[in-house]
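Understanding the architecture of this molecule
One-letter residues, chain by chain:
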Amino acid sequence: RNVAAVTPSDSEDLANVAKAIEVHVAGDIKVTTIGGVTITKPFFVGYHPLVVTRIWSTGTTASGIYALYD
């Protein structure tokens, strides 16, 4: 229902829990899931149905990241 550009941060969670993320420039993204798991993995350009609370600056090389939320 809503979308917001993401500025990756090592100290701040997303303003809203993302139900998915959209990536415009492929690369690695370090995320923390709603379950508290933190992982760094490659993301291709497109839509990723992954529920996350944080997108980290350290470990993230992808850009043009958007959070999709209710």
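Before reading on, note that the structure itself is shown above.
Now for a look at the structure at hand. Remember, predicted model here, so these are calculated numbers, not experimental data.

**Here we look at the pattern of salt bridges**
Tallied over the full model, the rule gives one salt bridge. Here R54 and D13 are joined by a salt bridge, their closest N and O atoms 2.9 Å apart. Residue R54 is found in strand β6 (residues 52-55), and its partner D13 is found in the loop between β1 (2-5) and β2 (20-25); the two are separated by 41 residues along the sequence. For R54, a relative accessible area of 13% translates into the label buried.

**Points about a nonpolar patch on the surface**
The grouping of V17, I34 and V51 at the surface amounts to a nonpolar patch, some 220 Å² of accessible area in total. Examined against the element boundaries, V51 turns out to sit in the loop between β5 (46-48) and β6.

**Regarding the nonpolar core**
One recurring pattern in soluble globular proteins is that nonpolar side chains are buried together. Membership of the largest hydrophobic core comes to 13 residues, with the highest contact counts inside it found for I21, I29, V52 and I55. At the level of elements, β2, β3 (27-33), β6 and β7 (63-69) are the ones that each hand at least two residues to this core. Setting aside its immediate chain neighbours within four residues, I21 contacts I29, F43, G46, Y47, H48, L50, V52, I55, Y66 and L68.

Scoring rules and cut-offs
By convention here, each chain's residues receive numbers from 1 onward along its written sequence. The model is predicted, so local features are restricted to residues of pLDDT at least 70 and side-chain atom pairs to those at 80 or more, both for listing and for counting; the totals for chains, interfaces and linings are taken over all residues. The side-chain values count all of the structure's non-hydrogen atoms but skip hydrogen atoms and water molecules. Only one rule defines a salt bridge in this text: a Lys or Arg side-chain nitrogen within 4 Å of an Asp or Glu carboxyl oxygen. Helix and strand assignments follow DSSP, with helices taken as H or I runs no shorter than four residues and strands as E runs no shorter than two, numbered in order from the N terminus. With a 1.4 Å probe rolled over the protein chains alone, any residue whose accessible area is under 20% of its type maximum counts as buried; one over 50% counts as exposed, and the rest are partly exposed. Two joining distances apply to patches: 9 Å for like charges and 5 Å for nonpolar side chains (Val, Leu, Ile, Met, Phe, Trp, Tyr), and every residue must have over 30% relative accessible area and no salt bridge. Calculation of accessible area relied on Shrake-Rupley with a 1.4 Å probe; when residues are assessed, cover is drawn exclusively from the protein chains displayed. Residues enter a nonpolar core if they are buried and are Ala, Val, Leu, Ile, Met, Phe, Trp, Tyr or Cys, with the set joined through side-chain atoms within 4.5 Å. In this description, contact between two residues means that some pair of their heavy atoms is separated by no more than 4.5 Å.

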